[in-house]
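Overview (structure and organization)
Chain by chain, the residues run as shown.
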Amino acid sequence: MIKKQDFGKLTKQLGLRDEFFSELLFNNFDDDKNGYIDFSELCTVMNIIMKGSTDDKLEFIFKVYDLDGNGFLEKEELYQIVESIYKIASNSKFFDTKEEMLNYVDQCFEEADQDNDGKLSFDEFKTRAKNDPKFLTSLSPFQDN
Ligand SMILES: [Ca+2]
Ligand SMILES: [Ca+2]
Ligand SMILES: [Ca+2]
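Rules used in this analysis
Residues numbered from 1 in each chain as written. Chains lettered and ligands numbered in written order. Predicted model: local features only at pLDDT ≥ 70, side-chain atom pairs only at ≥ 80, totals over all residues. Helix = DSSP H or I, 4+ residues; strand = E, 2+ residues; numbered from the N terminus. Contact = placed C-beta atoms within 7 Å. Axes fitted to C-alpha atoms, helices over the stretch in contact; angles between N-to-C directions. Parallel < 35°, antiparallel > 145°, perpendicular 65-115°, else oblique. Left-handed = near helix turned anticlockwise from the far one by under 90°. Nonpolar A, V, L, I, M, F, W, Y, C, P; charged D, E, K, R; others polar. pLDDT = per-residue confidence, 0-100. UniProt positions renumbered as here; feature names shortened; annotations may be inferred. Buried ≥ 20, exposed ≤ 12 C-beta atoms within 10 Å, placed from the backbone. Arc of directions from axis to C-beta. Core = buried A, V, L, I, M, F, W, Y, C linked by C-beta atoms within 7 Å.

1. Regarding the overall build of the protein chain
Across its full length, the protein chain carries eight helices and four strands. In sequence order, the secondary structure elements of the protein chain are arranged as β-α-α-β-α-α-β-α-α-β-α-α. A separation threshold of at least 6 residues defines the contact pool for the protein chain, and within that pool the share at least 24 residues apart is 50%.

Here's what the structure looks like:
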C-alpha cells in the first residue's frame, strides 16, 4: 500500500515536481478513496499506462483533469492545470510566457468545444487530442525529453 506521502516522493523521482499534480494523480489512483493506493489500484493504472489504447489513456487524462468530477472539462480546470504545468516546465517547449500559454488554452478550448456549451465533453476532448498532438503534449505534466 502506498501512502500519499510516499506517492509524492515517487512522482518526484519520475520528474513530476508539482504537488498539485501529484495530488491529482493520487486521488485518481486511489479508486476507493481510502487514502492509500493498494496493489490492485496500482495495477489498474499501470495497465492503462503500459497497455492501454490511446482512448484509454485519454480517458484517464480526462478524469484526472476533471477536477470537480462532473464529467466535463471547464475552462477554469484547464487554466489551473496549464498553470501548474507551466510551473513544472520552466523551459517549456511551446510557450515563452504564461500569457501565451493561457491564450493557447482559450484558443484550443474554443476549437474543441464543438457544441459551444462552455465545457468539453470526453468526445470533444478526444477529438481535439487526436487531431492535435501539441494539445495533448502541452497538457501533459510529464516532460518527455
Ligand atoms: Ca485505495
Ligand atoms: Ca469538471
Ligand atoms: Ca462542449
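2. Here we look at the packing of helix H6 (residues 98–112) against helix H7 (residues 122–131)
Relative orientation of the contacting elements H6 and H7 amounts to 115°, with a least axis distance of 9 Å. One finds that H6 runs roughly perpendicular with respect to H7. The handedness of the crossing between H6 and H7 is right-handed. For the pair H6 and H7, the contacting residues are Cys108, Glu111 and Ala112 in the first and Glu124, Phe125 and Arg128 in the second. Grouping the constituent residues of the contact of H6 with H7 by class yields three nonpolar, no polar and three charged.

3. Notes on the confidence of the model for the protein chain
Detail in the predicted coordinates should be disregarded across regions flagged by low pLDDT. The predicted model of the protein chain has a mean per-residue pLDDT of 85, with 89% of residues at 70 or higher. The element-level mean pLDDT for the protein chain is lowest in helix H8 (residues 133–138), coming to 72, with strand S4 (residues 119–120) highest at 97.

4. A few points about the packing of helix H1 (residues 4–13) against helix H2 (residues 19–29)
Between H1 and H2, the least distance of the axes is 10 Å, while the angle of their chain directions is 120°. As the angle between them shows, H1 and H2 are arranged oblique. H1 and H2 meet at a crossing whose hand is right-handed. Of the residues in H2, those in contact with Lys4, Phe7, Gly8 and Thr11 of H1 are Glu19, Ser22, Leu25 and Phe26. For the contact of H1 with H2, a count of residues per class yields three nonpolar, three polar and two charged.

5. Brief notes about the UniProt feature "domain: EF-hand" (unreviewed entry) in the protein chain
UniProt marks residues 17–52, 53–88 and 100–135 with the feature "domain: EF-hand" (unreviewed entry), using the numbering shown here. Secondary structure content for residues 100–135 is 72% helix and 6% strand, while the C-alpha to C-alpha distance between its ends is 14 Å.

6. As for H2
If you check which residues of H2 are buried, you get Ser22, Leu25 and Phe26. When H2 is viewed along its axis, its buried side chains cluster within an angular range of 105° and face the same direction.

7. Points about the environment of Ser40
Tracing the backbone shows Ser40 in helix H3 (residues 39–51). Taking the C-alpha atoms as reference points, Ser40 and Phe29, separated by 11 residues in sequence, lie 9.9 Å from one another.

8. Regarding the nonpolar core
Counting residues in each nonpolar core, the largest one holds 11 residues, listed as Leu73, Leu78, Ile81, Val82, Ile85, Met101, Cys108, Ala112, Leu120, Phe125 and Ala129. Contributions of two or more residues to this core are made by helix H5 (75–88), H6 and H7. When residues of this core are assigned to their parent elements, the largest contribution, four residues, is made by H5. If sequence neighbours within four positions are ignored, Leu73 has contacts with Phe62, Tyr65, Asp66, Leu78, Lys119, Leu120 and Phe125.

9. Details of unusual backbone geometry
A positive phi angle is found at Lys33, which is not glycine, with a value near 55°. Residue position: Lys33 is located in the loop between H2 and strand S2 (36–37). For Lys33, a count of 7 C-beta atoms within 10 Å puts it in the exposed group. Look at Asn116: it is not a glycine, yet its phi comes out positive at around 55°. Checked against the element boundaries, Asn116 lands in the loop between H6 and S4.

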